[in-house]
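What follows is each chain in one-letter form.
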Amino acid sequence: MSVQNNHVEIWTDGACKGNPGPGGWGVLLRQGNRTKELFGGESHTTNNRMEIMAVIQALRALKRPCQVVIHTDSQYVRNAMTQWMAGWQARNWRTAARKPVKNADLWQELNELVSEHDVTWKWVRGHAGDPGNEHADALANRGVDTVLAG
């Protein structure tokens, strides 16, 4: 896969009003001086599902293999993709405690999308002034607002 000249910075975030409850996801993509915003939501979901969905939607938006840096404030997403995924797959989508992996449907889709790119995972502290994270957070909240507006 050739990813040269296809460097994309992505910031993702999820939001939920109640957990579970109405939720939203937000994405800021930046390639060079171009940016793209994405957001959406679901009427009954969890914060973790929205965090995962944000990354899925970001990667779905890419039209060719890219060198991607994903900035997320979700330790759950970063750890799942960098530490837990191989074990989950080896145990047929069960945790080390032999319980079914939560959100396995989304993890499977995300893992497939990640395989198409050269992905680096960067954790950023949420609500700590990182401009990309603040932007993604605002987009995730817009996603919630669209669900609540019906």
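Given the structure is predicted, the values throughout are model-derived calculations rather than measurements. (Residues numbered from 1 in each chain as written. Predicted model: local features only at pLDDT ≥ 70, side-chain atom pairs only at ≥ 80, totals over all residues. Heavy atoms only, no water.)

**Quick look at helix 4 (residues 131–149)**
Reasoning step 1: Here helix 4 is 19 residues long and its end C-alpha atoms lie 27 Å apart, about the 27 Å a rise of 1.5 Å per residue gives.
Reasoning step 2: Those residues of helix 4 lying buried are Gly132, Asn133, Ala136, Asp137, Leu139, Ala140, Gly143 and Val144. Down the axis of helix 4, the smallest arc covering the buried residues is 165 degrees, so these residues share one side. Residues Pro131, Leu148 and Ala149 are exposed on helix 4 and point more than 90 degrees away from its buried face.
Reasoning step 3: Residues of helix 4 that are buried make contact with strand 1 (7–16), strand 2 (21–31) and strand 3 (34–45).
Reasoning step 4: The opening residue of helix 4, the one whose side-chain oxygen lies 3.1 Å from the backbone nitrogen of Gly132, is Asp130.
Reasoning step 5: Positive backbone phi, approximately 70 degrees, marks Gly150, located one or two places after helix 4. (Helix = DSSP H or I, 4+ residues; strand = E, 2+ residues; numbered from the N terminus. Expected span 1.5 Å × (residues − 1). Buried < 20%, exposed > 50% of the residue type's maximum accessible area, 1.4 Å probe, protein only. Arc of directions from axis to C-beta. Contact = heavy atoms within 4.5 Å. Polar contact = N/O pair within 3.5 Å; in protein donor to acceptor, adjacent residues only side chain to side chain.)

**A closer look at the sheet that holds strand 1**
Reasoning step 1: Reading across the sheet, the 5 strands line up as 3-2-1-4-5 and stay open at both edges, with mixed pairing between neighbours. Two strands close off the open sheet at either side, each with one partner strand: strand 3 and strand 5 (118–123). Along the sheet, successive strands turn relative to each other by an average axial angle of 20 degrees, direction set aside.
Reasoning step 2: With 10 bridges connecting them, strand 2 and strand 3 associate as antiparallel partners. Bridging from a neighbouring strand, Gly21 pairs with Thr45 of strand 3. (Pairing = 2+ DSSP bridges. Axes fitted to C-alpha atoms, helices over the stretch in contact; angles between N-to-C directions.)

**Topic: unusual backbone geometry**
Reasoning step 1: Geometrically, the link from Asn19 to Pro20 is a cis peptide bond, its omega value of 15 degrees lying close to zero.
Reasoning step 2: In this fold, Pro20 is placed in the loop between strand 1 and strand 2.
Reasoning step 3: The phi dihedral of Arg98 is positive, around 70 degrees, even though this residue is not glycine.
Reasoning step 4: Considering the arrangement of structural elements, one finds Arg98 in the loop between helix 2 (75–90) and helix 3 (104–114).
Reasoning step 5: A relative accessible area of 55% means that Arg98 is categorised as exposed.
Reasoning step 6: Phi at His127 takes a positive value of approximately 55 degrees, unusual for a residue other than glycine.
Reasoning step 7: Its place among the elements puts His127 in the loop between strand 5 and helix 4.

**Looking at the packing of aromatic side chains**
Reasoning step 1: Counted according to the given criterion, the structure contains 5 aromatic pairs.
Reasoning step 2: Judged by centre distance (6.3 Å) and plane angle (45 degrees), the rings of Trp88 and Trp93 are tilted. In terms of burial, Trp88 and Trp93 fall into one category: buried.
Reasoning step 3: Here Trp88 and Trp107 contribute two aromatic rings whose centre-to-centre distance is 5.5 Å and whose plane-to-plane angle is 50 degrees, an arrangement assigned as tilted. Of this pair, Trp88 sits in helix 2 while Trp107 sits in helix 3, placing them 19 residues apart in sequence. Here the two residues Trp88 and Trp107 agree in accessibility, since each one is buried.
Reasoning step 4: Here the aromatic residues Tyr76, Trp84, Trp88, Trp93 and Trp107 are joined through ring pairs into a cluster of three or more. (Phe/Tyr/Trp six-rings, centres within 6.5 Å; stacked < 30°, edge-to-face > 60°.)

Keep in mind these values describe shape, not function.
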